[in-house]
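Spelled out from the first residue to the last, the chains are:
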Amino acid sequence: MAQQGIQVDQDQLCCSVCLDLLKDPVTIPCGHSYRFSCIRTYWDAEGHKRNSCPQCRQTFTPRPALVKNTLLADLVEDLKRTGLQAAPAALCYATHQDVACDSCTGRKLKATKSCLQCLVSYCDQHLQPHYESPAFEKHQLVDLCEKLQENICTRHNEVMKVFCRNDQQCICYLCSMDEHKGHDTVLAAAEVAEKQKELSKNQQTIQQKIKDREGDIKKLQQEVETINQSADEAERSTEKIFTRLIQLVQDRCSDVKQQIRSQRTSLVNRLKESQKELEEELAEMKSREAELQQLSHTHDPIQFLHHCPVLLNPMDSTDPHSISIQSVSYFDHVLAAVAAATDKLQDVLNEEWTKVSLLEVEQEALKPRAEPRTRSEFLQYSQQMTLDRNTAQNQLLLSEGNRKATVMKKKLVYPHQRDRFIEHQQVLGAQRLMGRHYWEVQVDQDVYRATVAVTYKNISRTQSESAFGYNNRSWALLLSLTHFKIMHNGEVLFTSDLPSFRIGVFLNHGAGTLSFYSVSDTMTLLHRVQTTFTEPLYAGLSVYGYDKSVELCELK
């Protein structure tokens, strides 16, 4: 019945915190009503420890008990059934999260502008005099500012309208005549105009850079797409090529197996024919022997002399010396031919595979990384390295898990390997090196001579110029008791005293740099080689002097 006799202002039934209809309304001691959840949240929020009213700012200590206002609750429920809805957005009442109009009394509206002259914020209603009255003509309206007090000089309580360029801060006009006297000062508005010009230039520069970077990113994306398409096509084509190659090898394998079977059948048939002839001849011999045996026991002279001439005639037989057994395998020549073909195919594949592998390091990166400086940074590129036993010269004994090479007085018995060094006491590392790698080598301090090197795999194994550093296939640090020298292709690139017998090597294959370091408490760069590496590299070590050794250090 209330809706028929009473005209209810919709605003009176709205919570001033959330601007929605009062639901579970409670009334606090000052008489204002709120939603139970809204006032509790408001009091719990940081900055409201005094339990104040959001509208009249009256505080309550201790926090009052919140009791449901049943009259308001019933009225709201009744009005909801009649179609009354939440407060329209056009009223724009301020909540605790908004900046309230400083001129509003009672329930405050949201402020829309701030005045730098008045140092207050106004809602649209109280802002009208600033637009209409000449008295406010020189007032400066700005977008809503929550901290207007920051525009007031704390020392002189004046509006800060001056900018000191010496101290790069805003001041009031009294400050400009006091502690900032003699400084380069301008009106803040003038400085803003100047800064706006700089900002505009910087903005244009940034916009151009953004445009350039977006263009670069687009190019990179296109390049990525091109690489993906090219890689997919290369993968498909490679698979087809290798499938044909595998089929070719399988066909050749079938042909060789067929030839072996054919030759085996031919040889076996020939031998079986010879065996059959020999067996027939053997049977005839045994028959003749039986007849002779029988004749030797004949006592009748007439019968003996009658058969004797026939039995005494010599038999045709195969010369026993015409049959010989080969001392070697019948098919060794086949195995040798297949092995030779395999070696040639392997050499070709290795040579071509090197070209494929070099694609990995054709470009170090779009933005190359700087070379490490500290040992901990170098160790990020370390790996467990070992020596290849099949390349060790026969006076070098490998130990410590194939990381240490020691010179022996007596030559060791190693199986023949085409990769083994013959002329010099050298050995290669087992790991193929591309990209970035770091390793360390420990040399005996009383060593006669030792070498720490990197080399291509196909360095000569037999000639005198196969020594590390004396050919165009290797780069080497040669050290003795007192000094060292860096060599390549027989030329000395650098020489100096030797600080320590622990050598660090950092290889950056893509950048074409090879750096040698002396490792002690600190790392000292001995020399850096700048070149272009065209193949994968391998570590190399050599040592001279009986019982002297060099070792690839185990880095952790």
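Note that the coordinates shown come from a computational prediction; the quantities given were computed from them, not determined experimentally.

Draft legend 1. Structural context of the nonpolar core. Core analysis: the largest hydrophobic core is formed by 39 residues, its most contacted members being Trp439, Leu479, Ile503 and Leu514. Here Ile503 is in contact with Trp439, Glu440, Val441, Val452, Leu477, Leu479, Leu498, Phe516, Tyr517, Val519 and Leu526, once residues within four sequence places are set aside.

Draft legend 2. Up close: the side chain of Ser474. Along the chain, the position of Ser474 falls in strand β14 (residues 474-479). Among the residues examined, Ser474 registers a relative accessible area of 0% and is labelled buried. At 2.8 Å, the side chain of Ser474 and the backbone nitrogen of Gly469 are in polar contact. There is a polar contact of 2.9 Å between the side chain of Ser474 and the side chain of Asn471.

Draft legend 3. Seen up close, a nonpolar patch on the surface. A cluster of nonpolar side chains, Phe242, Ile246, Val249, Leu345 and Leu349, forms an exposed patch at the surface whose accessible area comes to about 390 Å². Where the nonpolar patch is concerned, the elements lending two or more residues are α6 (188-296) and α8 (332-357). For the nonpolar patch, the leading source of residues is α6, giving three residues. Note on placement: Leu349 falls in helix α8.

Draft legend 4. Local environment of the pairing of strand β13 (residues 449-456). For β13, the tally of buried residues reaches seven of eight residues, placing the bulk of the element in the interior. Alignment of β13 against strand β20 (residues 537-544), held across eight bridges, turns out to be antiparallel. What sits directly across from Ala453, in β20, is Gly540. As paired elements, β13 and β14 share six bridges and run antiparallel to each other.

Draft legend 5. Summary view of a negative patch on the surface. Negative charge collects at one region of the surface, where Glu273, Glu277, Glu279 and Glu280 lie side by side. Examined against the element boundaries, Glu277 turns out to sit in helix α6. Taking the relative accessible area as the measure of exposure, Glu277 reaches 53% and is therefore exposed.

Draft legend 6. Inspection of the sheet that holds strand β15 (residues 483-488) at higher detail. In spatial order, the strands read β11-β20-β13-β14-β15-β16; together these six strands make up an open sheet with antiparallel pairing. Where the open sheet ends on each side, the last strands, each with one partner, are β11 (426-428) and β16 (491-497). Here the average twist between neighbouring strands, direction ignored, is 15°. Alignment of β15 against β16, held across six bridges, turns out to be antiparallel. Note on β16: the bridge partner recorded for His488 is Glu491.

Cut-offs applied
One numbering rule holds for all chains: residues counted from 1, following each sequence as written. For this predicted model, a pLDDT threshold of at least 70 governs which residues receive local features, and a threshold of 80 or more governs which side-chain atom pairs are given and counted, while totals over whole chains, interfaces and linings are taken from all residues. The side-chain quantities take in all heavy atoms of the structure and omit both hydrogens and water. As used here, the term nonpolar core means buried Ala, Val, Leu, Ile, Met, Phe, Trp, Tyr and Cys residues forming a set that is joined through side-chain atoms within 4.5 Å. The classification of residues rests on relative accessible area computed with a 1.4 Å probe and restricted to protein chains. Under 20% of the type maximum is buried, over 50% is exposed, and intermediate values are partly exposed. In this analysis, two residues are considered to be in contact whenever any of their non-hydrogen atoms come within 4.5 Å of each other. Numbering goes from the N terminus for both helices and strands, where a helix is a DSSP run of H or I of at least four residues and a strand is a run of E of at least two. Pairing of N or O atoms within 3.5 Å defines a polar contact, subject to two protein rules: one partner must be a possible hydrogen donor and the other a possible acceptor, and residues neighboring in sequence count only if both atoms are side-chain atoms. Residues forming no salt bridge and having over 30% relative accessible area are the ones grouped into patches, like charges within 9 Å of each other and nonpolar side chains (Val, Leu, Ile, Met, Phe, Trp, Tyr) within 5 Å. Each accessible area is a Shrake-Rupley result for a 1.4 Å probe, and residues are judged covered by the shown protein chains and nothing else. Should a side-chain nitrogen of Lys or Arg be within 4 Å of a carboxyl oxygen of Asp or Glu, the pair is scored as a salt bridge. The rule for pairing is simple: two strands pair if DSSP sees at least two bridges between them. The sign given to each residue is positive for Lys and Arg and negative for Asp and Glu; His and the chain ends receive no count. A single reference atom marks each charge: NZ on Lys, CZ on Arg, CG on Asp, CD on Glu. Axes, fitted as lines to C-alpha atoms, cover a helix only where it is in contact. Angles between the N-to-C directions of the axes lie from 0 to 180 degrees.

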